[in-house]
Every structure is written in C-alpha cells, then in structure tokens.
Amino acid sequence: MIRMADILDRVQNYNPKADIELINRAYVLSAKAHAGYVRQSGEPYLTHPLEVAGVLSEMKMDVTTIVVGLLHDTVEDTDITREDLVHHFGEEVAFLVDGLTKITKIEFETTEHAQAENLRRMIISMAKDIRVIMVKLADRLHNMRTLEYLNPEKQTKVARETMDIYAPLANRLGIAWIQGELEDLAFKYLRSEAYESLHEKVKAKRKEYDAYIEKVIKVLDKALADHGIEGEVTGRTKHLYSVFNKMKAQELPFEEIYDLIAFRIIVESVKDCYGVLGIIHSLFKPIPGRFKDYIGVPKSNRYQSLHTTVIGPFGEQMEVQIRTKEMHRYAEDGIAAHWRYKTGTKVVPDEDIRRFTWFKQILEELKDLDDPRELMETVRTDLFPDEVYVFTPKGEVKEFPQGATPIDFAYSIHTDVGHGCVGAKVNGRIVPLKYKLKNGDMVEILTSKEHKPSKDWLKIAATNSAKAKIRSLIKKEERERSRGIGEELLNRELKRMGTTLKKTLKTDAFEKASSAFGFHRVEDLIASVGFGKYSARQVLGRLFPPEEIDDRLGQQEEIKITARKAAAQARGDGIVVDGIDHLLVRFANCCNPLPGDEVIGIITRGRGISVHTADCPNVEAERYDQDRIVKIQWDAKVKIPRTVKFKVSSEDKKGILAEMTSIISSNNINISHADIRTSADNIAVNTFEVEVEDLDQLHTLLKALAAVKGVISVDRIKTK
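Residues numbered from 1 in each chain as written. Predicted model: local features only at pLDDT ≥ 70, side-chain atom pairs only at ≥ 80, totals over all residues. Heavy atoms only, no water.

For the protein chain, the count of helices and strands is 31 helices and 23 strands. Expressed as a percentage of its 720 residues, the buried residues of the protein chain come to 46%. If you take every contact in the protein chain between residues at least 6 apart in sequence, the share linking residues at least 24 apart comes to 65%. Counting only carbon and sulfur atoms, one obtains 49% of the accessible surface of the protein chain, whose full area is about 37,000 Å². (Helix = DSSP H or I, 4+ residues; strand = E, 2+ residues; numbered from the N terminus. Buried < 20%, exposed > 50% of the residue type's maximum accessible area, 1.4 Å probe, protein only. Contact = heavy atoms within 4.5 Å. Areas by Shrake-Rupley, 256 points an atom, 1.4 Å probe, with all protein chains shown as cover.)

Below is the structure:
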C-alpha cells in the first residue's frame with residue numbers, strides 16, 4: 001500500500017511550489033469519512049483513495065486533482081456533502097468531485113438506453129473539465145488491480161467495460177502506460193486461458209529476452225556514440241494484450257511472432273530523430289511497409305515518434321521507436337503532460353490542450369441526439385477510430401477493421417456460416433451484405449445450406465480471413481465447374497471424331513497430351529479447357545494427326561451456321577452466336593438483357609458466353625480485349641420469358657399498389673418479386689421483378705403504369 005508521504009514526495013519533485021498542506025487536509029478528511037469501511041479485499045477503504053492519488057501523482061497532476069483523488073468517493077459513500085467540500089476546499093474541488101459522483105456508478109448495462117445515457121453523462125463531465133476523467137481513469141486502474149477479490153460475474157463485467165471504454169479513453173488521451181496496463185488486466189479476466197498461456201510463455205523466455213535486450217542496447221549505444229549523437233536506448237517486451245492482438249491479426253502462434261521486443265531511442269532534437277533513423281537503416285535492413293513517421297504526421301491523440309521495423313543484429317525482426325524527450329513525456333503522460341503550474345493551486349491549460357477538440361465536438365453532437373443507437377455510434381466511433389466493435393445476438397463482442405461488413409462477421413463465427421450467409425439483420429433490421437458495420441451494432445446472420453458465396457463478396461469483405469475462405473471455396477467450385485465444362489466440350493469434339501472422352505481416357509493418349517501442355521494430371525488439362533485457357537480443338541491437335549482432324553471436321557461454313565442456329569434453338573436460350581461453336585450462353589445479371597435490347601457477347605473463362613446489353617457499364621468498365629467480344633443476336637423464333645426489374649415512385653396513398661399489380665396481371669405478366677418501401681416524405685418506392693417476353697412487352701407495361709394517377713416516375717433497372 002502506498003503511503004501519504006510517498007505521494008507528497010512525488011508531488012514536490014515535479015511541483016516544488018505545491019500546496020502540501022491542502023493535500024494533507026484532504027487526506028485527513030478522507031481518513032475520517034472512510035473510517036470503519038473496508039474493501040472486498042479486507043483492507044481499510046482508505047487504501048483506495050490513497051492509491052488513486054498515487055496514480056495521479058505518477059501522472060504528475062496538479063494539487064487540485066490530487067485532492068480530488070483523495071476525496072472522490074466521499075460524497076457518494078459517506079456523510080460528507082458537496083457543501084462540506086466547498087467550505088473546506090473551495091468550489092473547484094467540489095465541482096470535480098460532483099462530476100465524478102455522477103459517473104462513478106456508471107455500469108454499462110446491456111440495454112442500449114442505459115449505456116447510451118451513461119456515456120452521455122461521462123462525455124459531458126469530461127468536456128466540462130478533463131481532470132474528471134483523469135481521476136476516473138486512476139480510480140478504474142486501482143479497481144482493476146484489485147479485481148481478483150470480486151466474484152467472477154462482476155470481474156467479467158468490470159473487465160468488459162474497461163476494455164470497451166476506459167482503455168480506449170486512455171489511448172485517446174495519449175496516456176500509454178495506463179492504456180497498456182488496463183488492457184492487460186482486462187485481458188486477464190476476459191480471456192483468462194489465453195492470458196495465462198501467453199504469460200507463461202513470455203515468463204519462460206524472460207532471461208532470454210533480457211539478455212537479448214542487453215546485447216542490442218550495446219550495439220545501438222555504440223552506433224549513436226560513433227556518430228556523436230547523445231541518446232538513451234531502452235528495450236522492453238510488449239504488453240501481453242498487444243502480443244495477443246498481433247497473434248490474432250496475423251493468425252500466427254506465439255512461437256512465430258518475432259517482434260515481441262521494442263527498442264526506444266530518446267534524443268535531444270527532431271533533427272537527431274531523423275539522424276538516428278538513418279543510422280538504424282544503414283546498420284540494419286528495414287522491412288518494407290513497416291516505417292511510420294508520426295513526427296511529420298502525429299496521431300489523432302497528438303502522439304509523435306518515428307517507428308521502424310528492421311532485421312536486427314541477430315537476424316530477427318526488431319521494432320525501434322525514436323523520439324525526443326518532450327515527445328516521450330507526452331507519449332507516456334498524454335494530455336496530463338499539457339498541464340503547467342503557476343503559483344498556488346491554479347492550473348492553466350497549455351495551448352496544446354486545445355488540440356483535443358474531439359470532446360467538445362462530441363458534446364455538440366450529443367445535444368441533438370435522442371436515438372441511443374446514434375448516440376452510441378457517435379461516441380464510440382470517436383473512442384475507437386480504427387476498429388469496429390459489434391455484438392452477436394448472445395452479447396459477445398467481436399472486433400473488426402473499419403469497413404467490415406456482415407460477410408466478415410459471418411466468417412468470424414464459422415466458415416460454414418460464412419459460406420451459407422444469405423442475409424443479415426443489424427439491430428433487428430435486414431440490411432444488404434455490403435452494409436458497413438458500425439460500433440455497437442448487434443448482428444444476426446441468416447443462412448441457407450444451399451447457398452454459396454460469389455466473387456462479388458471479395459469486393460465486399462474487409463478482413464483477410466474472410467477473403468481467403470471465399471477464394472478457397474470459389475477456386476474449388478470453379479475447378480469443379482471448369483472440369484465439367486471441359487469434359488462436355490472435349491466430349492463434343494471427340495464424338496465428331498468418332499469416339500468419346502470416356503474411351504479416350506482409357507488410353508495413354510490423354511496423359512501424353514497433358515504432359516505436352518505442362519500438366520501433371522489429366523484432370524488439370526480438362527479443367528483448363530473448361531476454364532478457357534486451352535480450346536478443345538487444341539487438345540484434339542495433340543490427340544490426333546492433323547490430316548485426320550481435317551477429314552472429320554472439314555465442313556462448309558454455311559453448314560456450320562445452320563448447325564449453330566439449330567443448336568441455339570435447341571438450347572432454347574434465344575441467342576444466335578456468330579462465329580463461335582459450341583459455347584455455353586448465360587445472361588448477365590448486371591444488366592438483365594431482354595429480347596429487343598442491343599446485345600453483345602463476351603467470352604468468359606469457364607462460363608461460356610456472357611450476354612450483356614451493348615450499353616452495360618460493366619462491359620465499358622472492363623474494356624475487354626476485342627478477341628473476347630463476339631457478335632450475337634436475338635433469335636426471333638424463340639420466345640422465352642426473361643426477368644427484368646423496374647422501379648415505380650408514387651404517392652403513398654391507399655389503393656395505388658393494388659391498381660399497379662392489376663395492370664401488371666392484365667398484361668399477362670408474372671410478378672416474381674416485389675419490394676415496397678415508403679420514404680419519410682410519403683413517397684412510395686415500389687421495385688418489381690417481372691417476367692416478360694421482349695422489350696416491346698416491357699415498354700407497353702411501363703407506359704400503362706406511368707399513366708396511373710399518383711405515379712411520379714417509372715424506370716427500368718438495368719444494373720444492380
């Protein structure tokens with residue numbers, strides 16, 4: 001337990017003119033007020049305000065804040081009143097204790113309204129005087145240090161709110177040592193098994209780490225001395241929670257994380273910082289992409305330093321941070337480093353304190369926010385500028401990078417959940433899969449066993465883990481699909497040669513052909529044909545002599561054209577392909593071409609010909625090679641209903657929807673899907689998906705709908 005004399009010594013060391021008598025009077029009042037009270041640990045309650053004041057003295061806070069640390073629980077837990085504090089210590093101390101009293105019992109309940117209102121009160125208190133949260137952080141730090149004496153349920157609850165709110169607050173305020181300790185302590189109770197395992201592994205290597213640090217410091221000290229630069233070199237192992245996050249982010253075991261030790265070089269000037277950086281990079285090979293200049297571009301909490309990772313003297317990855325003494329003081333103490341002292345107990349904020357405008361910005365935003373979800377999003381986005389924290393339906397917290405979507409969430413649960421994801425509910429409402437997750441969202445995934453992911457998901461997913469799982473499945477399915485298409489294409493050509501694929505595979509001819517194309521397996525050659533890398537005719541060239549192929553397949557172009565048209569009609573796809581034999585035809589979902597639209601064909605790998613409208617943006621954007629573009633036309637003899645979407649904007653009035661659906665039915669058109677939404681200004685937006693035979697039938701329908709009284713606009717949706 002810290003002693004009062006220790007606190008006074010610390011304060012006098014950094015503030016020789018401090019009013020020690022005022023601090024002593026606060027201690028005496030706190031001791032009297034808390035007499036007879038004990039903590040869960042069995043210690044006298046007075047140990048808590050003493051420890052809080054001790055933490056504040058480590059932060060080099062002013063006399064008023066130290067006094068508040070000693071008295072912060074008196075109004076809430078004892079017979080001391082606010083008026084008593086005003087009488088004995090003045091309005092400033094009473095104001096700060098009052099602010100703490102209002103947020104001391106904040107418990108971040110699961111209900112949105114309670115949590116949002118508690119956060120509102122905390123931010124308002126902070127914005128009025130930042131010292132309120134400094135005392136609160138010191139209070140939380142000591143409570144976390146003694147969390148072992150609470151029951152497991154309470155431990156988890158306190159640790160969760162510490163990880164969710166207080167550690168990020170310390171980070172935003174730039175107080176690195178408090179952030180690190182809070183995170184490690186919370187980690188200990190939230191992931192106890194992972195914590196203990198990691199703790200034991202680091203402990204087992206402690207002597208090895210210490211020896212390594214000593215050796216590297218000697219190397220760096222000599223390098224600085226050789227170049228005439230004065231600097232202090234230190235080394236340390238990273239916080240356990242930081243190591244745990246690195247393991248999780250890189251998906252590597254502890255044994256494969258190599259930059260667990262960080263070295264810090266503190267010099268006199270900014271010029272020396274860049275000079276030392278040059279020395280480090282001349283001695284050791286820098287790792288590309290691992291250099292950060294936070295001096296030129298400080299972090300949002302005003303942190304400044306140079307960070308670089310190099311291949312160290314023993315062939316290992318080594319992180320080095322370079323900063324001035326002033327930058328280091330700020331990196332450790334954060335906003336507390338911005339207080340300077342005048343005569344008496346008056347604290348004057350430094351000019352740099354104004355850089356912390358995010359408090360006041362949040363406060364301004366809170367004035368107009370009543371929806372708890374909006375309030376939570378506003379506050380927590382500022383607390384977590386780089387990460388998104390969302391909840392499962394059971395209340396489990398999951399962390400994602402900014403820009404993450406429900407797809408990332410689904411794969412974080414299980415690979416099969418990701419593959420089967422067909423939709424998502426966020427805060428009880430269905431959202432599109434491209435929806436960007438926000439802090440505080442509660443996410444529920446809707447699945448189907450028959451569903452599989454598409455390539456488009458790679459553009460939507462934000463996490464490498466989700467993208468890797470999507471690519472793996474797509475690659476596997478593409479290979480299976482390509483093999484099936486390859487077998488079909490090869491079998492067609494082989495039948496024209498008087499044999500079949502099945503018969504040919506029984507000979508060694510295909511194995512020789514596979515080797516000639518550079519494949520180790522016959523299946524790979526077949527798949528390459530389906531994928532479009534090689535044509536079936538090229539494979540035939542390896543299986544049969546050229547003259548035999550010419551004899552069997554040498555036919556007149558007129559016969560080919562007739563056969564192609566007949567094949568198209570037999571297929572029933574309504575498309576005649578000019579110049580290409582035996583290719584599969586599919587209609588692009590992006591533009592939904594209809595008979596009557598001007599169309600263009602794109603030869604795709606593994607999926608035959610993709611039919612697009614001539615003005616499809618996707619075709620223009622992709623800028624396909626001319627040799628992949630084929631002329632196609634609609635076959636007027638084939639009448640096949642095709643799906644098309646259109647949107648009708650109308651007044652939101654009774655009966656108008658019934659009139660629209662009646663018109664669609666009267667035109668002998670089937671509605672396959674409809675989505676009805678109403679905007680805030682009473683405009684109904686109706687999206688219909690229907691089946692029509694051609695463009696003329698669609699135009700007739702749209703014209704009839706546009707004539708309905710109350711309809712504002714009718715538009716075909718040609719792209720997704």
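Once you've had a look at it, read on.
Our focus in this paragraph is the side chain of Asn686. Its location among the elements puts Asn686 in strand β22 (residues 683–692). The class of Asn686 is buried, set by a relative accessible area of 2%.

A few words on the pairing of strand β5 (residues 306–311). Among the 6 residues that make up β5, 5 are buried, leaving the element largely enclosed by the rest of the structure. Note: strand β3 (residues 285–286) against β5, 2 bridges, orientation antiparallel. The residue of β5 that forms the bridge with Lys285 is Ile311. Bridge analysis of β5 against strand β6 (residues 317–324) gives 6 bridges, and the strand direction is antiparallel. Its bridge partner being in β6, Leu306 is matched across the sheet by Ile322. Remark: 5 residues form the turn of the hairpin made by β5 and β6, two consecutive strands paired antiparallel; Gly315 in that turn has positive phi of roughly 80°. (Pairing = 2+ DSSP bridges.)

Before going further, it helps to examine unusual backbone geometry. A positive phi angle is found at Lys60, which is not glycine, with a value near 60°. Structurally, the position occupied by Lys60 is in the loop between α3 (47–58) and α4 (63–71). We classify Lys60 as partly exposed; its relative accessible area is 38%. In this model, Asn427 sits at a positive phi of 55°, which is unusual for a non-glycine residue. Examined against the element boundaries, Asn427 turns out to sit in the loop between β11 (421–426) and β12 (429–431).

Bringing the pattern of salt bridges into the picture now. Counted under the stated rule, the structure contains 22 salt bridges. Residue Lys325 pairs with Glu268 through a salt bridge whose shortest N-O separation is 3.0 Å. One end of the pair, Lys325, is in helix α16 (residues 325–333); the other, Glu268, is in the loop between β2 (261–267) and α15 (270–283), and 57 residues separate them in sequence. On the basis of relative accessibility, which here comes to 52%, the residue Lys325 falls in the exposed class. As a salt-bridge pair, Lys645 and Glu689 come within 3.8 Å of each other at their nearest N and O atoms. Placement of the pair is Lys645 in strand β20 (residues 642–651) and Glu689 in strand β22, with a sequence separation of 44 residues. Under the relative-accessibility criterion, Glu689 is labelled partly exposed at 21%. Salt bridges linked by common partners bring Asp62, Glu92 and Arg131 together as one network. (Salt bridge = Lys/Arg side-chain N within 4 Å of Asp/Glu carboxyl O.)

As far as function goes, none of this settles anything; it's purely spatial.
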